[in-house]
Amino acid sequence: KERKLQINDQNRTTPIDIDTAQADKWKIDKLTLLQANLDDITAEALSFAMDILFKNGAVDAWVEPIVMKKGRSAHQLNCLFHSKPGTDGIFMEIIFRHTTTLGIRIQRDIERASLHRKMVHVNT
């Protein structure tokens, strides 16, 4: 699978192979996204569920306000994690156990580009 990026510079289009030209600047991971719509849950319960998702290795978790049928206000819980065998079940179990949802949407093989980074301990 070849990826090309087009850069327009003064009416010129220059193709760049991003797989090789940028490989040292960032990495691309395969992630899975779980989403659940919740209209009968407290903010405290949502926060608790997100804490458990993070403690179990979620890359990110967030809540978005949504409007459901008949104009009811609600929340959408989102959980993003690395796609590895067996991890879907762990995060789905957490969401089913700690929220009021009856169903979870699953989107697999979402690509995410992230910059290389390292943790440095600094004595102060």
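Everything below is about the structure printed above this text.
Residues numbered from 1 in each chain as written. Predicted model: local features only at pLDDT ≥ 70, side-chain atom pairs only at ≥ 80, totals over all residues. Heavy atoms only, no water.

**Student:** Just to check I follow, could you spell out unusual backbone geometry for this structure?
**Tutor:** Note: most residues except glycine have negative phi, and most peptide bonds are trans. Positive phi values are uncommon outside glycine, yet Lys70 reaches one of about 60 degrees. Along the chain, the position of Lys70 falls in the loop between β4 (60-67) and β5 (73-82). Even without being glycine, Asp109 reaches a positive phi, approximately 55 degrees. Its place among the elements puts Asp109 in strand β6 (residues 105-115). (Helix = DSSP H or I, 4+ residues; strand = E, 2+ residues; numbered from the N terminus.)

**Student:** Help me out: how do you make sense of the environment of Ser47 in this one?
**Tutor:** Within the element layout of this structure, Ser47 appears in helix α2 (residues 43-55). For Ser47 and Trp62, which are 15 residues apart along the polypeptide, the C-alpha to C-alpha distance reads 9.3 Å.

**Student:** Explanation requested: helix α3 (residues 87-98) in the structure shown.
**Tutor:** The α-helix winds at 3.6 residues per turn, so residues separated by three or four positions along the chain end up facing the same way. The first and last C-alpha atoms of α3 sit 17 Å apart over twelve residues, in line with the 16 Å expected at 1.5 Å per residue. Within the span of α3, buried status applies to Thr87, Asp88, Phe91, Ile94 and Ile95. Summarising the axial view, the buried residues of α3 lie within an arc of 140 degrees, below the 170-degree limit, and thus occupy one face. Next to the buried residues of α3 lie β3 (26-38), α2, β5 and β6. (Expected span 1.5 Å × (residues − 1). Buried < 20%, exposed > 50% of the residue type's maximum accessible area, 1.4 Å probe, protein only. Arc of directions from axis to C-beta. Contact = heavy atoms within 4.5 Å.)

**Student:** Explain the pairing of β5 to me, please; I cannot follow it from the model alone.
**Tutor:** As a general feature of sheets, a regular strand has side chains that alternate between the two faces. With respect to burial, β5 is a largely interior element, seven of its ten residues being buried. The pairing of β3 with β5 spans eight bridges and is classified as antiparallel. Bridged to Leu38 within β5 is His75. One ladder, built from eight bridges, connects β4 with β5; its direction is antiparallel. (Pairing = 2+ DSSP bridges.)

**Student:** Before we go on, may I ask you to explain the pattern of salt bridges in this structure?
**Tutor:** Two side chains of opposite charge can pair, provided their charged atoms sit close to one another. The tally for this structure, following the rule as stated, stands at five salt bridges. We note a salt bridge from Asp29 to Arg112, for which the minimum N-O separation is 3.3 Å. In this pair, Asp29 sits in strand β3 while Arg112 sits in strand β6, placing the two residues 83 residues apart along the sequence. Residue Asp29 is classed as buried on the basis of its relative accessible area, which comes to 13%. The class for Arg112 is partly exposed, based on a relative accessible area of 23%. In this structure, the salt-bridge partner of Arg72 is Asp39, at a minimum N-O distance of 3.3 Å. Of this pair, Arg72 sits in the loop between β4 and β5 while Asp39 sits in the loop between β3 and α2, and the two are 33 residues apart along the sequence. For Asp39, a relative accessible area of 35% gives the class partly exposed. (Salt bridge = Lys/Arg side-chain N within 4 Å of Asp/Glu carboxyl O.)

**Student:** Please clarify how the nonpolar core should be interpreted in this entry.
**Tutor:** Note that soluble globular proteins tend to have their nonpolar side chains buried in a common cluster. With 17 residues, the main nonpolar core has Leu34, Leu53, Leu77, Cys79, Phe91 and Ile95 as its most contacted residues. Of all elements in the fold, only β3, α2, β5 and α3 reach the threshold of two or more residues within this core. Examining the composition of this core, we find that four residues originate from one element, α2, more than from any other. (Core = buried A, V, L, I, M, F, W, Y, C linked by side-chain atoms within 4.5 Å.)

**Student:** Is there a simple way to explain the environment of Gly57 in this structure?
**Tutor:** Its place among the elements puts Gly57 in the loop between α2 and β4. Distance from Gly57 to Phe81, taken between C-alpha atoms, is 7.1 Å for residues 24 residues apart in sequence.

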